[in-house]
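# Overview (structure and organization)
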Amino acid sequence: MNSVILRVGTRYLAGILLVFSFYMMLRGHNEPGGGFIGGLTGATGFVLYAIACGTQDARAALRVLPQTIAMWGLGIALLAGLFAALFGDALFTGQWLFIGATESDKGLPLSTVLVFDIGVYLVVFGSILTLVFAMEEEV
């Protein structure tokens, strides 16, 4: 059994890693980062939690099967790529929507690139956790 300090510290560290992973995902399409590195960082938080508290507790904290998360991510990434076809563009061409745009202000830019990054984040997050949980449960 691991120490109480390790278990409590890991709970806080896992939360910090999840918040940081969202930050990495959101800044990724303009600067280094993105869905892949964000998903790896988020999965690291749950991997640490599984090491400190056990795989069953990590699965309970996750509340959803990691395979389901990966499948949803794959669907979201595919939809982001197919969205361009509605406008007659090539697959995976970025489409932009500016919410609240006026003549003097561009507004809040939303894009299919961000939706694709969210899908990649979920695929990587779910895939890594599926592999790590399976390996840790075999031991």
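Keep in mind that what you see is a predicted model, and the values were worked out from it rather than measured.

### Concerning the overall build of the protein
From N to C terminus, the protein includes five helices and two strands. If you list the helices and strands of the protein from N to C, you get α-α-α-α-β-β-α. For the protein, the C-alpha atoms occupy an extent of roughly 60 × 30 × 25 Å along the three principal directions. In the protein, which comprises 139 residues, the proportion classed as buried is 32%. Within the protein, contacts between residues at least 6 apart in sequence are counted, and of these 63% link residues at least 24 apart. Surface exposure of the protein reaches about 8700 Å², of which carbon and sulfur atoms provide 71%. Positive and negative charge centroids in the protein, built from 6 and 9 side chains respectively, lie 11 Å apart.

### Examining the packing of aromatic side chains
For any two aromatic rings, the description comes down to two numbers: the centre-to-centre distance and the angle of the planes. For the coordinates displayed, the defined rule picks out six aromatic pairs. Aromatic side chains Phe-46 and Phe-125 sit 5.7 Å apart centroid to centroid with 80° between the ring planes, which places their arrangement in the edge-to-face category. Placement of the pair is Phe-46 in helix α2 (residues 35-53) and Phe-125 in helix α5 (residues 112-138), with a sequence separation of 79 residues. By relative accessible area, Phe-125 is classed as buried at 6%. Here Phe-92 and Phe-116 contribute two aromatic rings whose centre-to-centre distance is 5.6 Å and whose plane-to-plane angle is 80°, an arrangement assigned as edge-to-face. Of this pair, Phe-92 sits in the loop between α4 (66-82) and β1 (96-99) while Phe-116 sits in helix α5, and the two are 24 residues apart along the sequence. Note on Phe-116: relative accessible area 32%, which makes it partly exposed. A network of ring pairs unites the aromatic residues Phe-22, Phe-46, Tyr-121 and Phe-125 as a single cluster.

### Some remarks on unusual backbone geometry
As a rule of thumb, non-glycine residues mostly have phi less than zero, and peptide bonds are mostly trans rather than cis. With a phi angle near 70°, Arg-63 is a residue other than glycine that sits in the positive phi range. The phi dihedral of Phe-92 is positive, around 65°, even though this residue is not glycine.

### Describing the UniProt feature "transmembrane region" (unreviewed entry) in the protein
When the UniProt feature table is mapped onto this chain, "transmembrane region" (unreviewed entry) is found at residues 12-29, 35-52, 64-88 and 108-134. With 100% helix and 0% strand, residues 35-52 has end C-alpha atoms that lie 26 Å from one another. This span, residues 64-88, is 68% helix and 0% strand, and a straight line between its end C-alpha atoms measures 36 Å.

### Let's talk about the environment of Val-64
Checked against the element boundaries, Val-64 lands in the loop between α3 (55-62) and α4. Taking C-alpha positions, Val-64 is 35 Å from Gly-107, a pair spaced 43 residues apart along the chain.

### Some remarks on the pattern of salt bridges
Scanning the entire structure with this criterion turns up one salt bridge. With a closest N to O distance of 2.8 Å, Arg-59 and Glu-137 form a salt bridge. Linking Arg-59 in helix α3 with Glu-137 in helix α5, this pair joins segments that are 78 residues apart in sequence. Residue classification places Arg-59 among the partly exposed residues on the basis of a relative accessible area of 25%. The class for Glu-137 is partly exposed, based on a relative accessible area of 40%.

### Description of helix α1 (residues 4-27)
With 24 residues, α1 extends 35 Å between its outermost C-alpha atoms, agreeing within 8% with the 34 Å of an ideal straight helix rising 1.5 Å per residue. Contacts made by the buried residues of α1 are with α2 and α5.

Reading guide: rules and limits
- Residues numbered from 1 in each chain as written.
- Predicted model: local features only at pLDDT ≥ 70, side-chain atom pairs only at ≥ 80, totals over all residues.
- Heavy atoms only, no water.
- Helix = DSSP H or I, 4+ residues; strand = E, 2+ residues; numbered from the N terminus.
- Buried < 20%, exposed > 50% of the residue type's maximum accessible area, 1.4 Å probe, protein only.
- Contact = heavy atoms within 4.5 Å.
- Areas by Shrake-Rupley, 256 points an atom, 1.4 Å probe, with all protein chains shown as cover.
- Lys, Arg positive; Asp, Glu negative; His and termini not counted.
- Charge placed at Lys NZ, Arg CZ, Asp CG, Glu CD.
- Phe/Tyr/Trp six-rings, centres within 6.5 Å; stacked < 30°, edge-to-face > 60°.
- UniProt positions renumbered as here; feature names shortened; annotations may be inferred.
- Salt bridge = Lys/Arg side-chain N within 4 Å of Asp/Glu carboxyl O.
- Expected span 1.5 Å × (residues − 1).

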